[in-house]
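Spelled out, the chains give:
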Amino acid sequence: MVKRMACLPGAWLMASLAVLLSTAIQAENPYRYFTWNITYGTISPLGVPQQGILINGQFPGPNINSTTNDNIVVNVFNHLDQPFLLSWSGIQQRRNSWQDGMPGTNCPIPPGQNLTYHFQVKDQIGSYFYFPSTYMHKAAGAFGGLRVNSRLYIPVPFDDPADDYTVLIGDWYTTNHGVLRRTLEVGKPIGKPDGVLINGKSGKTETESVVFGMEAGKTYRYRICNVGMKTSLNVRVQGHRMQLVEIEGSHTVQNIYDSLDVHLGQCYSVLITADQKPGDYFMIASTRFTKYMLNATALIRYANSEKPAPQVLPPAPVGVAWSLNQFRSFRWNLTASAARPNPQGSYHYGQINITRTIKILNSAGKDANGKLRYGINGVSYVRPTTPLKLAQYFGVGEKVYNDTAIVDDPSDVSPSAPLTLRSAVLKGTYRDFVEIVFENHERGIQSWHLDGYSFFPVGMEGGRWSPKSRSLYNNLDAVSRHTIQVYPMSWTAILLTLDNAGMWNLRSEAWDRQYLGQQLYLSVVSPARSLRDENNIPENARLCGIVKRLPMPAPYT
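Residues numbered from 1 in each chain as written. Predicted model: local features only at pLDDT ≥ 70, side-chain atom pairs only at ≥ 80, totals over all residues. Heavy atoms only, no water.

> Could you give an account of the overall build of the chain, naming the residues involved and the relevant values?
For the chain, the count of helices and strands is 5 helices and 32 strands. Here the C-alpha radius of gyration of the chain, 24 Å, is about what a compact globule of 557 residues would show, namely 24 Å. Judged by the C-alpha coordinates and their principal axes, the chain covers about 85 × 65 × 55 Å. Counting every position in the chain, which comprises 557 residues, the buried fraction comes to 57%. For the chain, the share of sequence-separated contacts (at least 6 apart) that also reach a separation of at least 24 residues comes to 78%. Accessible surface, the chain: about 23500 Å² in total, of which carbon and sulfur atoms supply 53%. Separation between the mean location of the 52 positive side-chain charges and that of the 41 negative ones in the chain comes to 3 Å. (Helix = DSSP H or I, 4+ residues; strand = E, 2+ residues; numbered from the N terminus. Rg over C-alpha atoms; globule rule 2.2 N^0.38 Å. Buried < 20%, exposed > 50% of the residue type's maximum accessible area, 1.4 Å probe, protein only. Contact = heavy atoms within 4.5 Å. Areas by Shrake-Rupley, 256 points an atom, 1.4 Å probe, with all protein chains shown as cover. Lys, Arg positive; Asp, Glu negative; His and termini not counted. Charge placed at Lys NZ, Arg CZ, Asp CG, Glu CD.)

Structure (structure tokens):
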């Protein structure tokens, strides 16, 4: 016989609250599990059979559709004959560069083995993509879309669209990715791409076209990301205008555009309303800032369409000035209720004192052996056999990387001197508010990406930067983002708080330049060595290089 315990109303209430609080504390955010098999497969996106890299047999790879605070768990099985890694472009791994998937932070997955990524998508509602970060694998596929949706109780500043489409645009080579890699390694350029793709198809014929369905009178969201290797692209739709609503996780002032320049690594969300007569219309992605013209098309098809798309394609804009003015028109939506970056407790980034200025000068030249290389401030990055983050964590960083080779001001670096080859790390001070100035002294456009952070691109002009250039900055509503272009013979300035501890990749998004050294790693170390600031190494982390047999360091607490 079980006796019932007497319980006073107050005691009962307190006990119930304790149970509820305990349940709330232990409850976790939702988990989304994925199992991906990475294999070779024959694809013919430009009509030429070639070796592609597939994810679960798909090219492009499957979309990841997530919601704020979801835990993403991706178990990646490598069936290739080469080591392999995936990286998550623009997803800010807060305190967790262990999951960044770059060779400077992770040991690649050996052939025949697997690695499980586990990361949480926080307050970064928007459009992103993932890609392979090893060798020249990106030239063979294994990329796909990644979106972070708002929770229901966090409204976004526009009505729910009738449908939501991922649009992955990019230039494409029919040359095998291994041949491209060997071409670069012997010191030769890979030349111009062979075509442009939209979601893996060229659109040259009806069967080679992606089709996006629309119904008259309804509005649709298109998430457009440039996942290409080398080229900026312009996107436009016959007879339709695009309402910009988001750039790389930030809601924007909703301006209307006839076309958009989307540079390497960048993602834009637009709303398109089906306000034309029912029929077919072409979406066009074409190269910009090149001596050649390549394009791809997709079909936007109205329900019950019986009219083919007009064969005359609207032309792309011409010149740098048009594109620069378009950038200046982008503004952060300061009235949106979704989460926004909050440097040093203030949305007013323009009122925070700059504690350090770093100039990034892209370099193109040769090494001491006369081979083609690219670099930053006269230094060309060389990937060591031990990932930089692992070396730092195990206390052997001085044996693996050089954290003094990159100078803040490259004015003393001779542009004619051979590039110095180093495993270069740029040391940052935790919670510093820094200014990074990218200077492009070449006639081609550049695109730069920083992992682990969103930053404020506050200025972009022709010529050389000087401290007086700060008078031109947008110190109010620059769009927080993670990838930014630098026009030929021009500069771009960004501001950010180094509040995310870890080892983060700063790189050119032109993949041939990145592969031949135009990158570095930004090291941000919290002096507290606390779990509040940075996660411990994951239990399933692979060890390689000189740390493979070292004793595990004491964990953070």
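> Tell me about the state of the cysteines, residues and numbers included.
Counted according to the given criterion, the structure contains 2 disulfides. Paired by a disulfide, Cys107 and Cys544 hold their sulfur atoms 2.1 Å apart. Looking down the S-S bond of the Cys107 and Cys544 bridge, the torsion is -90 degrees, so its handedness is left-handed. Taken as a pair, Cys107 in the loop between strand 5 (86-89) and strand 6 (114-120) and Cys544 in the segment after strand 32 (519-525) lie far apart in primary sequence, 437 residues in all. A residue is classified by how much of its surface remains accessible, and Cys544, at 17% relative accessible area, is buried. With a sulfur-sulfur separation of 2.1 Å, Cys225 is cross-linked through a disulfide to Cys267. With the S-S bond torsion at 115 degrees, the cross-link from Cys225 to Cys267 turns out right-handed. With Cys225 in strand 12 (residues 219-226) and Cys267 in strand 18 (residues 267-273), the pair connects residues that are 42 residues apart, well separated along the chain. The pair formed by Cys225 and Cys267 is uniform in burial state, with each residue classed as buried. (Disulfide = S-S within 2.5 Å.)

> Can you tell me about helix 3 (residues 320-329), naming the residues and giving the values?
Of all the positions in helix 3, only Ser323, Leu324, Gln326 and Phe327 are classed as buried. Buried residues of helix 3, seen end-on, are gathered within an arc of 155 degrees and therefore sit on one face of the element. Its buried side turned inward, helix 3 meets strand 16 (256-257), strand 17 (259-262), strand 28 (456-462) and strand 29 (483-486). (Arc of directions from axis to C-beta.)

> Just give me the short version of the packing of aromatic side chains, but keep the residues and values in it.
Applying the stated criterion across every chain yields a total of 28 aromatic pairs. Between Trp88 and Tyr117, the ring centres sit 5.2 Å apart and the planes meet at 85 degrees, which makes this aromatic pair edge-to-face. Of this pair, Trp88 sits in strand 5 while Tyr117 sits in strand 6, and the two are 29 residues apart along the sequence. Assigned by exposure class, Trp88 and Tyr117 land together as buried. Note on Trp98 and Tyr393: the rings are 5.1 Å apart at their centroids and 90 degrees apart in plane angle, and the pair reads as edge-to-face. (Phe/Tyr/Trp six-rings, centres within 6.5 Å; stacked < 30°, edge-to-face > 60°.)

> Requested: an account of unusual backbone geometry, with residues and values cited.
Omega for the peptide link from Phe59 to Pro60 comes to -10 degrees, which places this bond in the cis form. Mapped onto the elements, Pro60 comes out in the loop between strand 2 (50-55) and strand 3 (64-67). In this structure, Ala142 takes a positive phi of about 60 degrees despite not being glycine. On the accessibility criterion, Ala142 (1% relative accessible area) is buried.

> So what's going on with the pairing of strand 1 (residues 31-43)? Which residues, and what values?
If a strand is regular, its side chains alternate between the two faces of the sheet. For strand 1 and strand 4 (residues 71-78), the ladder comprises 8 bridges, and the chain directions are parallel. When the sheet's bridge partners are listed, Tyr33 is paired in strand 4 with Val73. In terms of strand pairing, strand 1 meets strand 2 through 6 bridges, oriented antiparallel. Bridge assignment links Thr42 to a residue of strand 2, and that residue is Gln51. (Pairing = 2+ DSSP bridges.)

> Provide a residue-level description of the environment of Glu306, including the pertinent values.
When you line up the elements, Glu306 lands in the loop between strand 20 (295-302) and helix 3. Sequence spacing of Glu306 and Cys225 is 81 residues, and the spatial spacing of their C-alpha atoms is 30 Å.

> Which residues make up the confidence of the model for the chain, and what values go with them?
Per-residue confidence for the chain gives a mean pLDDT of 92, with 93% of residues at or over 70. Long-range and interchain partners of residues 1-26, a stretch whose pLDDT sits below 50, account for 1 contact in this model, where long-range means more than four residues apart. (pLDDT = per-residue confidence, 0-100.)

> How would you summarise helix 2 (residues 177-185) if you had to cite specific residues and measurements?
When helix 2 is considered as a whole, its buried residues turn out to be His177, Gly178, Leu180 and Leu184. End-on view of helix 2: buried residues confined to an arc of 160 degrees, all on one side of the axis. Of the surrounding elements, those touching the buried residues of helix 2 are strand 1, strand 2 and helix 5 (511-515). Two or three places before Gly178, at the start of helix 2, stands the capping residue Asn176, its side-chain oxygen 2.6 Å from that residue's backbone nitrogen. (Polar contact = N/O pair within 3.5 Å; in protein donor to acceptor, adjacent residues only side chain to side chain.)

> Let's hear about the pattern of salt bridges: which residues, and what values?
Overall, the coordinates contain 21 salt bridges when judged by the stated rule. When the shortest N-O distance is used, the salt bridge between Asp164 and Arg147 registers 3.5 Å. Highlighted residues: Asp164 in strand 9 (residues 164-172) and Arg147 in strand 8 (residues 144-149), separated in sequence by 17 residues. Assigned by exposure class, Asp164 and Arg147 land together as buried. One salt bridge connects Lys359 with Glu439, and the closest N-O pair in it is separated by 3.4 Å. With a gap of 80 residues between them, Lys359 in strand 21 (residues 356-366) and Glu439 in strand 26 (residues 433-440) connect regions that are remote in the sequence. (Salt bridge = Lys/Arg side-chain N within 4 Å of Asp/Glu carboxyl O.)

> Got a sec to walk through the sheet that holds strand 2? Specific residues and values, please.
The 4 strands lie next to each other as 2-1-4-6, forming an open sheet whose pairing is mixed. With partners counted over all chains shown, the strands left at the sheet margins are strand 2 and strand 6, one partner each. If you compare each strand with its neighbour and ignore which way they point, the axes differ by 20 degrees on average. In this sheet, strand 6 lies alongside strand 4 in antiparallel orientation, the contact comprising 7 bridges. Paired with Val76 across the two strands is Leu115, which belongs to strand 6. (Axes fitted to C-alpha atoms, helices over the stretch in contact; angles between N-to-C directions.)

> Could you give an account of the sheet that holds strand 27 (residues 446-450), with specific residues and numbers?
Spatially, 5 strands are ordered 25-32-31-27-29 in an open sheet, and the strand pairing comes out mixed. Unpaired on one side and paired on the other, strand 25 (425-429) and strand 29 mark the two borders of the sheet. Between one strand axis and the next, the sheet turns through 20 degrees on average, direction left out of account. With 4 bridges joining them, strand 27 and strand 29 adopt antiparallel strand pairing. Counted as the bridge partner of Trp448 is Ile484 from strand 29.

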